[in-house]
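# Structural overview for review
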Amino acid sequence: NISTYLFESMMPLLLVCGLLTTVPLLVAPIVIDIRGEVRQYMMQCTLKLIPYWLGTFVIDYGFWVLLVTIVWGIFNLGMVEGFNQNMFSTWFTLVIYGLSFLLFLYCFQFCFKSPSSAPRQIFILLILLLFISVVVTSIIPGYPSWLDWIWVWVPPIALEHGLIEILQRVDQNQRGYGFFYR
């Protein structure tokens, strides 16, 4: 069925784009705390950056795990075949890529000076990078393996391609957890 094929091929892109909507929630408080007026208050209270970053990272990662678990559950309740047949692999991929995604956002946010516009600019850039990766992957015939070495440096693109690998393995092509994470 052509509609099923189109949905299955676009599902990882749509899922990652949906998860990217969390970028303003994750980036805005940190940029405001580090570059805004809160920084002076933090310094007066002798708050060190390492505990601040560690605490923020743990809270953000907890939020990420909760969010992807809810999204994963909705896809499973919707009886999406790729998710139902690869339940643990899809959930583990979504959770584990959250670590690199958050670290990438934390590092990437320092490229922008304005606390009010940084989340919006990061979101737009990441969406554009996702669409560029889809177009490049579609244009180049045979999907050369060197493209994976490029995509792995941008966690949202790596997550999308990881989900593509997992979600295309259904029925006879289904693989266990060890196949994806050796």
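The structure under discussion appears in the preceding block.
Description of the structure in this document. Note that the coordinates shown come from a computational prediction; the quantities given were computed from them, not determined experimentally. (Residues numbered from 1 in each chain as written. Predicted model: local features only at pLDDT ≥ 70, side-chain atom pairs only at ≥ 80, totals over all residues. Heavy atoms only, no water.)

### What to know about the packing of aromatic side chains
Our working rule: Between 30 and 60 degrees the pair is tilted, below 30 it is stacked and above 60 it is edge-to-face, where a pair is any two Phe, Tyr or Trp rings, Trp via its six-membered ring, whose centres lie within 6.5 Å. Numbering of helices and strands runs from the N terminus; a helix is a DSSP stretch of H or I covering at least four residues, while a strand is a stretch of E covering at least two. Accessible area is worked out with a 1.4 Å probe on protein chains only. A residue is then buried under 20% of its type maximum, exposed over 50%, and partly exposed in between.
Tallied over the full model, the rule gives eight aromatic pairs. Pairing F88 with W91 gives two aromatic rings, centres 6.1 Å apart and planes at 40°, and the pair type is tilted. A residue pair is termed a helical-turn pair when its members lie 3 or 4 positions apart in one helix, as F88 and W91 do in helix α6 (residues 87-108) at three residues. Assessed through its relative accessible area of 24%, W91 is described here as partly exposed. Chaining the aromatic ring pairs together yields one cluster made of Y52, W53, F57, Y61 and Y106.

### Notes on the packing of helix α7 (residues 118-139) against helix α9 (residues 155-167)
Note the cut-off: All axes here are fitted lines through C-alpha atoms, helices being fitted over the stretch that makes contact, and every angle between N-to-C directions spans 0 to 180 degrees. Our angle categories are set so that under 35 degrees counts as roughly parallel, over 145 as roughly antiparallel, 65 to 115 as roughly perpendicular, and the remainder as oblique. Crossing handedness is read from the near helix: turned anticlockwise from the far helix by less than a right angle, it gives a left-handed crossing, and turned clockwise, a right-handed one. Only heavy atoms enter the contact rule, under which two residues are in contact if any of them lie within 4.5 Å. Three residue categories are used. Nonpolar comprises Ala, Val, Leu, Ile, Met, Phe, Trp, Tyr, Cys and Pro, charged comprises Asp, Glu, Lys and Arg, and polar comprises the others, including Gly.
Between α7 and α9, whose axes approach to 9 Å, the crossing angle comes to 45°. With respect to their mutual orientation, α7 and α9 come out oblique. As α7 runs across α9, the sense of the crossing is right-handed. Where α7 approaches α9, its residues L126, L129, L130, S133, V134 and T137 are matched on the opposing element by P156, I157, E160 and H161. Class assignment for the residues of the contact of α7 with α9 results in six nonpolar, three polar and one charged.

### What about the environment of T90?
What counts, and what does not: A 3.5 Å cut-off defines polar contacts: any pair of N or O atoms within that distance qualifies, except that in protein one atom must be a possible hydrogen donor and the other a possible acceptor, and neighbouring residues in sequence count only when both atoms are side-chain atoms.
With respect to the helices and strands, T90 occurs in helix α6. Judged by relative accessible area, T90 falls into the buried class, the value being 0%. Expressed as a C-alpha distance, the spacing of T90 and G162, which sit 72 residues apart in the sequence, is 9.0 Å. When sequence neighbours within four positions are dropped, the list of residues in contact with T90 reads W72, G82, F83, I166 and L167. There is a polar contact of 2.9 Å between the side chain of T90 and the backbone oxygen of M87.

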